[in-house]
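# Chains, contacts and geometry: an overview
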Amino acid sequence: MKKIEHIEAFREAIAQPTIAMFTATWCPDCHFIDPLMPEIEAENADYQFISIDRDEFIDLAVEYEVMGIPSFIAFKDSEVIGRFVSKDRKTKEQVNEFIQSL
């Protein structure tokens, strides 16, 4: 998964079918799902996956109303097409179900 380092990279990425994962270094639920992300990416090859540190890009988190992390937002043509946003721990199955529902 590509880690977003600047806002321009985020804007470029979401022009394509993209799953954006909002995360933070201090988030235990983020660390829980991290090892499963390569499998999730492999099972959902129609999307590119990017990681956004909520603390580094707080303006993006506010813009997309991300309160809980990890949170997943799906984009196509720079528009939000789906959201899996909550404060709860996510499982691989839940993330895959979200992506398949898009």
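Presented here is a report on the structure given in the accompanying data block. (Residues numbered from 1 in each chain as written. Predicted model: local features only at pLDDT ≥ 70, side-chain atom pairs only at ≥ 80, totals over all residues. Heavy atoms only, no water.)

### Here we look at the sheet that holds strand 3 (residues 48-53)
As a general point, the strands of a sheet are linked pairwise by backbone hydrogen bonds and lie either parallel or antiparallel. The strand order across the open sheet formed by five strands is 1-3-2-4-5, and the pairing between neighbours is mixed. Every interior strand has two partners, whereas the edge strands, strand 1 (2-3) and strand 5 (79-84), have only one. Pairing geometry for strand 2 (residues 18-23) and strand 3, over six bridges, is parallel. Along strand 3, the bridge assignment pairs Phe22 with Ile52. Most of the contacts of helix 5 (residues 92-100) go to strand 5, to which it runs at about 150 degrees, and overall it touches strand 2, strand 3, strand 4 (71-76) and strand 5. (Pairing = 2+ DSSP bridges. Helix = DSSP H or I, 4+ residues; strand = E, 2+ residues; numbered from the N terminus. Contact = heavy atoms within 4.5 Å. Axes fitted to C-alpha atoms, helices over the stretch in contact; angles between N-to-C directions.)

### Considerations on the state of the cysteines
Tallying each qualifying case throughout the model produces one disulfide. The disulfide partner of Cys27 is Cys30, and the S-S distance across this bridge is 2.5 Å. On the sign convention where negative is left-handed, the bridge of Cys27 and Cys30, at about 80 degrees about the S-S bond, is right-handed. We classify Cys27 as buried; its relative accessible area is 3%. When its relative accessible area of 0% is taken as the criterion, Cys30 is described as buried. (Disulfide = S-S within 2.5 Å. Buried < 20%, exposed > 50% of the residue type's maximum accessible area, 1.4 Å probe, protein only.)

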